[in-house]
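Overview (structure and organization)
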Amino acid sequence: MAPMYNLLYNIVMDLGCKRANDLISKNLEISRAAARAIVDTGDIETFKKLSEKSEFIFDFIKEKIAKNLCGAVNAGNLQNVFKFTKIYSLDFENFIVNSWVKFANEDLTDEILALFEEGDNGQKAYAAAYFCQINDPVAVEYLEKFAFSDFEPLAQNCALALNKFNDRRLYSEALNAIKSANSAFEADSALCVTNIEADFEKYKYVNFLVSYSDKDAFDALFQYFKNTCSKSFAASSILYLTPLFELVEKGKTKEALEVFDTILGAYPEEISLETVFDFEILDFVKYLCKMLSEDKFLPEDKNEDKNSLKKDCTTQMPAQNAPNISSAYVKRIILKAKYQFNLISREDIYTFDLSKDVKKEVSNISEFLNTIKIDLFKGLEEELALINNAKNAAVEAQELQRERILETFDIILNFGKTEFAEKIAKTVLVAKFEDIISEGVRILKTFGKLELLNKEEILDKIKNPNLKALTESYFSL
């Protein structure tokens, strides 16, 4: 590790002032002296510079900065720490909180409690983090009051602290709100389209449950993910509660794949590419490829059990042998990842503002996907065959099958696989979903294969006047 540290330290970085620059010096005497000077004088301007530039500082250097600053705090300059709370920095929150914890006593706790009551949102966030660290429930009133704050660090710290004190009141409120939303969705499948504002109101409950970190909330959150209009938000939130590999270990491979599929489609516009590390994207792709190579999924010539898509999210499946998951489904997801990350890695517009490590990881994902030897298109038509199961399936299962067929259409179009034209035409002919019909016609038009369809027969299947006009235009152009 030492050679890498030396290499990184040799990179010239200007943080905007001498003390900040001295603080990241690899000379321990200089960096520690700078930390003492900053704390002794309550140098808020230097702390502000550090906070503003923190996204450009390597994580291990930020850890060293926080350690040195905390080490510089003593009983004589402890009050200066309160000056730094005027600037909220998630990266240096540990410096503030650990400094307080180091000298925690009744008087200091009263002072921090007053800050919790009267301070701004950033100061409240620091205070909530402090009460999360000490075994004193005196702040429960304020933790509950600000647990649904719009300021995310404050809400997160409050939820974490309430969990530590085993305060379940707001947890029950949030969980019941999500369950009620799920029941409403089940009663009216169009609810998320007609009541987007109410759906948005549930975000605070999702965030609370994820921050509270009780994994028993997963099933309700997964059901909400399947129902909500904001699937990318729900998917990314769920993974901070229960990561992909943990889902697999718990026998929830199908759930992991549904969430992963959504995450891939949300990159890079809806979900930051910074999360490729948090969500272990590369490792999960490698895992799926390994499972395919070991024939752990159903072969392409065996469709998924028609009833498997009707099962609820609590269905348990062995982690290393995932039944009722077709290899065609997994291949389609890997192809989606390949297309997405190849596009992202070659277009500077998606990566110009990313850190070097994230850019490298995106490149690593793309490179790995391009070296896969598995024939990912073999058997892909089985995903289109889901249309045969959709007619008699439950509403929820029909929607999932519809989404998977449309996703498969996208893969075929994006990779220009004209050899699937006849399969697309067959899907269009038996489909009852009008968007599948219209999208299939569009792809066949792009492939120059419209002769596979009868115009009048297809248009008679579409009742929505706008979609009908759009589909007719494909035949006319």
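Since we're looking at a predicted model, the values are computed, not measured.

What counts, and where the lines are drawn
Residues numbered from 1 in each chain as written. Predicted model: local features only at pLDDT ≥ 70, side-chain atom pairs only at ≥ 80, totals over all residues. Heavy atoms only, no water. Helix = DSSP H or I, 4+ residues; strand = E, 2+ residues; numbered from the N terminus. Buried < 20%, exposed > 50% of the residue type's maximum accessible area, 1.4 Å probe, protein only. Contact = heavy atoms within 4.5 Å. Areas by Shrake-Rupley, 256 points an atom, 1.4 Å probe, with all protein chains shown as cover. pLDDT = per-residue confidence, 0-100. Patch = residues over 30% accessible without salt bridge, like charges linked within 9 Å, V, L, I, M, F, W, Y side chains within 5 Å. Salt bridge = Lys/Arg side-chain N within 4 Å of Asp/Glu carboxyl O. Lys, Arg positive; Asp, Glu negative; His and termini not counted. Charge placed at Lys NZ, Arg CZ, Asp CG, Glu CD. Axes fitted to C-alpha atoms, helices over the stretch in contact; angles between N-to-C directions. Parallel < 35°, antiparallel > 145°, perpendicular 65-115°, else oblique. Left-handed = near helix turned anticlockwise from the far one by under 90°. Nonpolar A, V, L, I, M, F, W, Y, C, P; charged D, E, K, R; others polar. Core = buried A, V, L, I, M, F, W, Y, C linked by side-chain atoms within 4.5 Å. Expected span 1.5 Å × (residues − 1). 1 Å grid on protein atoms, 1.4 Å probe; cavity = no way out; pocket = protein on both sides within 12 Å on 5 of 7 lines; lining within 4 Å. Points joined across faces, edges and corners; volume = space filled by probe spheres on them.

This brings us to the overall build of the protein chain. Each helix and strand counted, the protein chain has 31 helices and zero strands in total. Within the protein chain, the proportion of its 477 residues that are buried is 52%. Taking all contacts inside the protein chain whose residues are at least 6 apart in sequence as the whole, residues at least 24 apart take part in 75%. Carbon and sulfur atoms make up 49% of the accessible area of the protein chain, which amounts to about 22,700 Å² in all.

This part takes up the confidence of the model for the protein chain. Per-chain confidence: the protein chain averages 88 in pLDDT, with 88% of residues scoring 70 or above. Within the model, pLDDT remains below 50 along residues 1-12, and this stretch shows twelve contacts once partners closer than five positions in the same chain are excluded.

This part covers a negative patch on the surface. On the surface, a cluster of negative charge is made up of Glu55, Glu274, Asp278, Asp353 and Asp357. On the accessibility criterion, glutamate 274 (38% relative accessible area) is partly exposed.

Evaluated as defined, the whole model comprises 17 salt bridges. Across the salt bridge formed by glutamate 246 and lysine 215, the nearest N and O atoms sit 3.4 Å from each other. With a gap of 31 residues between them, glutamate 246 in helix H18 (residues 244-249) and lysine 215 in the loop between helix H15 (203-212) and helix H16 (218-227) connect regions that are remote in the sequence. Residue classification places lysine 215 among the partly exposed positions, given a relative accessible area of 34%. Here the salt bridges do not stand alone but share partners, grouping Asp261, Arg332, Lys336 and Glu407 into one network.

The next subject is the environment of alanine 114. Residue placement: alanine 114 occurs in helix H8 (residues 106-118). Between the alpha carbons of alanine 114 and lysine 124 there is a distance of 9.5 Å; along the sequence they are ten residues apart.

Let us look at the packing of helix H21 (residues 281-293) against helix H24 (residues 356-369). For the pair H21 and H24, interaxial distance at closest approach is 9 Å and the crossing angle is 15°. With respect to each other, H21 and H24 are oriented roughly parallel. Where H21 crosses over H24, the two elements pack in a sense that is left-handed. Mapping the contact onto sequence places Ile281, Leu282, Val285, Lys286 and Cys289 in H21 and Glu361, Asn364, Ile365, Phe368 and Leu369 in H24. Here the residues of the contact of H21 with H24 sort into seven nonpolar, one polar and two charged.

With that settled, the discussion passes to the nonpolar core. Note on soluble globular proteins: their nonpolar side chains tend to be buried together. Membership of the largest hydrophobic core comes to 155 residues, with the highest contact counts inside it found for Phe95, Trp100, Phe116, Phe208, Tyr267, Ile281 and Phe341. The biggest single contributor to this core is H21, with nine residues.

Time to look at H16. Most of H16 is tucked away, with nine of its ten residues classed as buried. Within H16, the full set of buried residues consists of Phe218, Ala220, Leu221, Phe222, Gln223, Tyr224, Phe225, Lys226 and Asn227.

Our focus in this paragraph is H21. Helix length check: H21, at 13 residues, gives a terminal C-alpha distance of 18 Å against a target of 18 Å (1.5 Å per residue), a fit within 8%. Of all the positions in H21, only Ile281, Leu282, Phe284, Val285, Tyr287, Leu288, Cys289, Met291 and Leu292 are classed as buried. Buried residues belonging to H21 abut H18, helix H19 (253-266), helix H20 (275-278), helix H22 (327-346) and H24. At the C-terminal side of H21, aspartate 295 shows a positive phi close to 55°.

Interaxial distance between helix H3 (residues 28-41) and helix H5 (residues 59-71) falls to 8 Å at its minimum, and their mutual angle equals 55°. For the element pair H3 / H5, the angle class is oblique. Seen along the crossing, H3 lies across H5 with a hand that is right-handed. Taken together, the residues of H5 that come into contact with H3 (itself represented by Leu28, Ser31, Arg32, Ala35, Ile38 and Val39) are Lys64, Asn68 and Leu69. In the contact of H3 with H5, the residues fall into five nonpolar, two polar and two charged.

This next bit is on the layout of surface pockets. Roughly 1,500 Å³ of volume is contained in the largest pocket. Lining the largest pocket are 41 residues, and of these Leu90, Glu152, Pro153, Gln156 and Tyr240 sit closest to its centre. Among the secondary structure elements, those contributing two or more residues to the lining of the largest pocket are H5, helix H7 (93-102), helix H11 (152-164), helix H14 (196-201), H15, helix H17 (231-241) and H20. Of the residues in the lining of the largest pocket, the class split is 15 nonpolar, 14 polar and twelve charged.

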